[in-house]
Every structure is written in structure tokens, then in C-alpha cells.
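So you can see what is in the structure, the chains are spelled out below.
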Amino acid sequence: MSFKTLGLSQPLLRAISEQGYLNPTPIQKQAIPVILEKKDVLAGAQTGTGKTAGFTLPLLELLSQKHHNQKKPHVKALILTPTRELAAQVALSVETYGKYLPYKTAVIFGGVGINPQIAKLRKGVDIVIATPGRLLDLMEQKAVNLSQIECLILDEADRMLDMGFIRDIKKILAVLPKNRQNLLFSATFSDEIKKLANSLLNTPTLIEVAKKNTTVEKIEQLVYQVDKKRKIELVIHLIKTNKLKQVLIFTRTKHGANKLSEKLNKSNLISAAIHGNKSQGARTKALADFKSGAVKILVATDIAARGIDIDRLPYVINFELPNVPEDYVHRIGRTGRAGYEGEAVSLVCIDELELLKNIEKLIKNKIPKMEIKGFEPDLSIKAEPIQKQNRHRPKKRNQKS
Ligand code: AMP
């Protein structure tokens, strides 16, 4: 099946072929025709499946069937994302696929100046891609008019709820016109997501590509058992002995990310850290350096890494397991994307065995455990409970992660 048979027209087909995509991915095959029929969609798809093109392409097609070049456009589509990085990446997709179409986009997120965003909106845009907090600020300032929205897309809705955005989302929904198309994308389906879907979607078409809450199959997963105090040494050992060229490392905390990055740098393994305490500029630069290969190692916290899109990222290391099992699925979803194989290793100390059990329950699979010679755990060490951060507590708007 080609993109042509899915009902996309020439300007989009041209942009797709310039990207080098030969065939649509499973989510694209299923989602594009349904969205083109203007139906509501509930889609279970992780990053790496091609989901962004799955909603961006038909959205652009629908706009092009209805709206031609207008002098001053009004906002016709709203895409909400949990993080700034994801908003920026979705915007890049819209611009890439919409290269031969006349539509204008605005990316709206916090942590950067609001005035350029206001100026952009004032000139008129067709598509707004936004994180909820900053969008609400702009709505309060009457800088954005959402009364003519034809299509609403919630991307990574599960993460938006995790980040406490439900109230903000409801406030935004309240000002949208009733008659519109709604698309909800989520990697996991908690009861909360189902509740949101029920209230938002009109007889949606359900699309699921990877079985819910299971791990992307192409990713080889391994657990290395190691003592907490020897993890940094082991990371250095893994990077050096495997001659890793591009590796994304997850830590549980911002402090942990900084500390690990500093230690790696001291060992001549040049790394950058991204987390919510870094300025938007620093995060964007770190990501760009990592993508270009200037920096080979990126250390990230869960939320900061959300939506990071790197083609063919071969290796993910979980320096620490996440407290929330779903985050494991999100983390390892950074590798093995769009059909490429990847490897995800987790360094697990005795304190984390309970977290590992919960992850294995969620993914309905046991992850092979190994010990590395010279890094065998000291059996005399007793487990200590891990302090849980409460990820489900609603955060204040614009609070950084
Ligand atoms: P996403 O799941 O939207 O984050 O996309 C994951 C990656 O797959 C992105 O780097 C896209 O550029 C790439 N991609 C999307 N659609 C296709 C396709 N049909 N063929 C090959 N790669 C694709």
C-alpha cells in the first residue's frame, strides 16, 4: 500500500517522498483514511510508530480540500502536546509535510518569551501546536481565537494527564466550537484516559498498533544487576567497551542527571543533560548537538525526554528504573523507531527489584537479567525502599519538569 492510495494529494506526496518514506507505517495505514473521513479517532500508539505523520498528513489534506490561500488565516486546527520538545517536533513535522501547502503554524509553549508568540498569532495562523499552560495564558490575554477550530488533536494524552494538565485541557475544550473533529493519541490507556476519551470523542474509531501496554517488539531489552554505588562506573564501562556512538541515558532526578553528566565528562565521555531546570535554549541546543552527533551521550529525566525524536537511536540506558512503570515503555520507545532495531539496558540495584517486577507485569514479559564480570552485586547489601515522587499531583501551570 502506498501513500497515494490512502487519499493524499500531490503536495503532500511530494513532501513525503522527499523524506524518503516508501510506505506508510501501520498506524498511518489505519489512521489516515479514517481521519480523512472526518471521524473522531482514539489511537493507541507510541512514539516511533510514525504517529505524528499519521495525524499531520490527513489534517493537512483536509485543510487543503477546504481552505485555499487566505489573506489572513484563522486558527483551524489545534494540536496539544505535553512538553515543549514534543510541540517543537510536531511543528517541525507540520512544516516538513506541509512544505508545498500554504498553511501557517504557530508553536506555543512556556519557558520562552510570550511576545513573539503573540505577534505570530496576530499575523494569522492556520495551525496552533501548543502545550496547555502557555496556551491558556494566551487565551486569557485574548491573543488567540479558537472559535473556529475544526480539528483538535491531543498528542500523548496520557502524559498530559500524568503532568496534571487535565484542568487546563478542560478549560481549553470549553472555548472550542462543539462541531469539530477530535483525535486522541495515547501510548497507554488508564481509566483516566478512557474517561477523557468518553467525554471528548463522538463514536470514535479505535486504532491500535502496538498492543496496549506492551513493549515495542524490535527492542532488545536487558537488565544488568549492579550495586547502586557502582552504576556510574558500569555506564562508563558499557559506553567504552561497546564503543557506543549515540546513547540516551535516563535518570530519575534532575540532580542525578547533572551528576552523571559531570562524571561522564570527567571520563572524557562528552555528554549533555536535559531536564526542566535547564533553559529552553540549553535544552534545544543539547538536543540539536545530540542529533547531529556533536554530543554522543544525552542524559535526560523522563519528562524532559518526552517526545524526543531521533531517527535510529540504537541504545537507551536506564541508569535508574522509573517509579511509574509506564515510563519504562515510553523510555525504551525512544529506540528501535520506525522499524529499526534498538537495545535498551537497565541498570538495576537491589532497591529497584520491586520497580522491575511492576514493569515486567505491565509489559507482560520477563526481561533477561545479567551480571557483568567485575560488577557483580555485593550480596551483603540490603534493599532500601525508594522514595517515590508523586507524579500524579497536579502541577502548577508552566511548572518545569
Ligand atoms: P513518530 O512516531 O511520529 O515519533 O515518528 C517516528 C519516526 O518515524 C520519525 O523520525 C519519522 O520521521 C519516521 N517516519 C514516520 N513515518 C514514516 C514512514 N512512513 N516511513 C519511514 N519513516 C517514517
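Scoring rules and cut-offs
- Residues numbered from 1 in each chain as written.
- Predicted model: local features only at pLDDT ≥ 70, side-chain atom pairs only at ≥ 80, totals over all residues.
- Heavy atoms only, no water.
- Helix = DSSP H or I, 4+ residues; strand = E, 2+ residues; numbered from the N terminus.
- Rg over C-alpha atoms; globule rule 2.2 N^0.38 Å.
- Buried < 20%, exposed > 50% of the residue type's maximum accessible area, 1.4 Å probe, protein only.
- Patch = residues over 30% accessible without salt bridge, like charges linked within 9 Å, V, L, I, M, F, W, Y side chains within 5 Å.
- Areas by Shrake-Rupley, 256 points an atom, 1.4 Å probe, with all protein chains shown as cover.
- Salt bridge = Lys/Arg side-chain N within 4 Å of Asp/Glu carboxyl O.
- Core = buried A, V, L, I, M, F, W, Y, C linked by side-chain atoms within 4.5 Å.
- Phe/Tyr/Trp six-rings, centres within 6.5 Å; stacked < 30°, edge-to-face > 60°.
- Lys NZ or Arg CZ within 6 Å of the ring centre and 35° of its normal.
- Lys, Arg positive; Asp, Glu negative; His and termini not counted.
- Polar contact = N/O pair within 3.5 Å; in protein donor to acceptor, adjacent residues only side chain to side chain.
- Contact = heavy atoms within 4.5 Å.
- Pairing = 2+ DSSP bridges.
- Axes fitted to C-alpha atoms, helices over the stretch in contact; angles between N-to-C directions.
- Domains from an automatic or database assignment.
- Buried area = accessible area lost by both parts, 1.4 Å probe.
- Nonpolar A, V, L, I, M, F, W, Y, C, P; charged D, E, K, R; others polar.

### Side note on the overall build of the protein
Looking only at helices and strands, the protein features 15 helices and 14 strands. Rg of the C-alpha trace for the protein: 21 Å, near the compact-globule value of 21 Å for 401 residues, within the 12% margin. A principal-axis box enclosing the C-alpha atoms of the protein has dimensions of 70 × 45 × 40 Å. Expressed as a percentage of the 401 residues in the protein, the buried residues total 57%.

### Topic: a nonpolar patch on the surface
A contiguous nonpolar surface patch, about 200 Å² in accessible area, is contributed by Ile350, Leu353 and Ile381. Looking at the element boundaries, isoleucine 381 is found in the segment after strand E14 (369-370).

### Observations concerning the nonpolar core
Core analysis: the biggest nonpolar cluster contains 40 residues, and Leu8, Leu57, Ile79 and Ile127 have the highest contact counts within it. For this core, the leading source of residues is helix H3 (residues 51-66), giving 7 residues. The next biggest cluster of nonpolar side chains, apart from the first, holds 38 residues, and it includes Val125, Ala130, Leu176 and Ala197.

### Brief notes about the packing of aromatic side chains
A ring pair, where both rings are aromatic, is described by two values, the distance of the centres and the angle of the planes. Scanning the model with the defined rule gives 2 aromatic pairs in all. One residue, arginine 14, lies across the ring of tyrosine 100, its end atom 3.8 Å from the ring centre. Lying over the aromatic face of phenylalanine 319, lysine 231 brings its terminal NZ or CZ to 5.8 Å of the ring centre.

### Structural notes on the side chain of arginine 180
Here arginine 180 is to be found in the loop between helix H8 (166-175) and strand E6 (181-186). The side chain of arginine 180 sits in the buried core without any salt bridge; aspartate 40 is the nearest counter-charge, 7.0 Å away. In terms of polar contacts, arginine 180 uses its side chain to reach the backbone carbonyl oxygen of proline 177, at 3.2 Å. Discounting residues that sit within four places of it in the chain, arginine 180 has contacts with Asp40, Ile149, Glu150, Leu152, Leu173 and Leu200.

### Looking at the sheet that holds strand E1 (residues 41-44)
Spatial ordering of the open sheet is given by E3-E4-E2-E5-E6-E1-E7, a layout of 7 strands whose pairing is parallel. Each edge of the open sheet carries a strand with a single partner, namely strand E3 (105-108) and strand E7 (205-208). In this sheet, neighbouring strand axes are inclined to one another by 10° on average, regardless of whether the strands run parallel or antiparallel. Relative to E6, strand E5 (residues 151-154) runs parallel, the two sharing 4 bridges.

### Section: helix H2 (residues 26-36)
Taken together, the buried positions of H2 are occupied by Ile27, Gln28, Ala31, Ile32, Val34, Ile35 and Leu36. Of the surrounding elements, those touching the buried residues of H2 are E1, H3, E6 and E7. Lysine 38 sits one or two residues past H2 and shows a positive phi near 65°.

### Brief notes about the domain arrangement of the protein
Looking at the protein, the domain boundaries give domain 1 (3-208) and domain 2 (219-370). Here the C-alpha centre of domain 2 lies 28 Å away from the C-alpha centre of domain 1. At the junction of the two partners, domain 1 supplies 17 residues and domain 2 supplies 18 residues. For the pair domain 1 and domain 2, the summed buried surface comes to about 1,600 Å²; carbon and sulfur atoms form 46% of the total. For the pair domain 1 and domain 2, the interface holds 2 salt bridges. On the surface where domain 1 and domain 2 come into contact, there are 4 residue pairs in polar contact (both at pLDDT 80 or more). Among the elements of the structure, helix H4 (84-97) and helix H7 (157-162) are those that each provide at least two residues to the side of domain 1 that touches domain 2. With 4 residues, the single largest contributor to the side of domain 1 that touches domain 2 is H4. Looking at the side of domain 1 that touches domain 2, its residues break down into 5 nonpolar, 7 polar and 5 charged.

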